[in-house]
Amino acid sequence: MATVPLLSDEEASAEALAVFDDIRATRGTDYVNNFWRALAHDPALLRATWERLKVVMGPGALDPLVKEMIYVAVSTANGCEYCVHSHTAAARAKGMTPAQHSEMLAVIGMAMQTNGIVTGLQVPVDDIFKA
């Protein structure tokens, strides 16, 4: 259950609606997901988050699918169920195959395991790895 009501278009402020309109236009859909509807309580934060997301997840040196898969990995590590679901859906929409999904999950699991071991052992970083 959300800690704030999810604002409908009728309940959102004009400033939040402007962001909703940009989300719809940018994504080519009529759907505005629950994350944005919860953020609509703070239109300045809604706008800032949306603007930053457009830059970070937009065109760049990394392939859009790779960006979504990284987002899933970080969301898994941070325990964000919402982001795991939304960015897995986005990765699938960008062409992630079931084999890629399985391999990504294996990498996430391996990283979490070795991260835990090395953290528990407090292994010092090799000089050769330091910049």
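Shown above is the structure to which this text applies.
Everything numeric here is computed off the predicted structure, so don't read it as measured data.

## Comments concerning the overall build of the chain
- Within the chain, the secondary structure is distributed over six helices and zero strands.
- When the helices and strands of the chain are placed in sequence order, the string is α-α-α-α-α-α.
- On C-alpha atoms alone, the chain measures out to a radius of gyration of 18 Å, which is more than a quarter above the 14 Å that the 2.2 N^0.38 rule sets for 131 residues.
- Expressed as lengths along the three principal axes of its C-alpha atoms, the size of the chain is roughly 55 × 30 × 30 Å.
- Burial analysis of the chain (131 residues in total) assigns 26% to the buried set.
- Of the contacts made within the chain by residues no fewer than 6 positions apart, 49% connect residues no fewer than 24 positions apart.

## Structural notes on unusual backbone geometry
- The backbone of Gln-122 shows a phi angle near 55°, a positive value even though the residue is not glycine.
- Relative to the assigned elements, Gln-122 resides in the segment after helix H6 (98–121).
- Looking at Gln-122, the relative accessible area reads 60%, which means it is exposed.

## Describing the pattern of salt bridges
- Under the defined criterion, the tally for this structure stands at eight salt bridges.
- The salt bridge partner of Arg-24 is Asp-21, with a shortest N-O separation of 3.6 Å. A residue pair is termed a helical-turn pair when its members lie 3 or 4 positions apart in one helix, as Arg-24 and Asp-21 do in helix H1 (residues 14–27) at three residues.
- Classification of Arg-24 by relative accessible area gives buried; the value is 15%.
- Across the pair Lys-54 and Asp-22 runs a salt bridge, and its minimum N-O distance is 2.6 Å. One end of the pair, Lys-54, is in helix H3 (residues 43–57); the other, Asp-22, is in helix H1, with 32 residues separating them in the sequence.
- Overall, the relative accessible area of 26% leaves Lys-54 in the partly exposed class.
- The network of salt bridges with common partners includes Asp-9, Asp-21, Arg-24 and Arg-37.

## Structural notes on the packing of H1 against H3
- Following both chains from N to C, one finds H1 and H3 inclined at 20°, their axes separated by 9 Å at the closest point. Here H1 lies roughly parallel to H3, going by the angle between them. Every pair of crossing elements has a handedness; the one defined by H1 and H3 is left-handed. Of H3, the residues touching H1 (which contributes Glu-15, Ala-16, Ala-18, Val-19, Phe-20, Asp-22, Ile-23, Thr-26 and Arg-27) are Pro-43, Ala-44, Leu-46, Arg-47, Trp-50, Glu-51, Leu-53 and Lys-54.
- Residues of the contact of H1 with H3, tallied by class, amount to 10 nonpolar, one polar and six charged.

So, how was this worked out
- Residues numbered from 1 in each chain as written.
- Predicted model: local features only at pLDDT ≥ 70, side-chain atom pairs only at ≥ 80, totals over all residues.
- Heavy atoms only, no water.
- Helix = DSSP H or I, 4+ residues; strand = E, 2+ residues; numbered from the N terminus.
- Rg over C-alpha atoms; globule rule 2.2 N^0.38 Å.
- Buried < 20%, exposed > 50% of the residue type's maximum accessible area, 1.4 Å probe, protein only.
- Contact = heavy atoms within 4.5 Å.
- Salt bridge = Lys/Arg side-chain N within 4 Å of Asp/Glu carboxyl O.
- Axes fitted to C-alpha atoms, helices over the stretch in contact; angles between N-to-C directions.
- Parallel < 35°, antiparallel > 145°, perpendicular 65-115°, else oblique.
- Left-handed = near helix turned anticlockwise from the far one by under 90°.
- Nonpolar A, V, L, I, M, F, W, Y, C, P; charged D, E, K, R; others polar.

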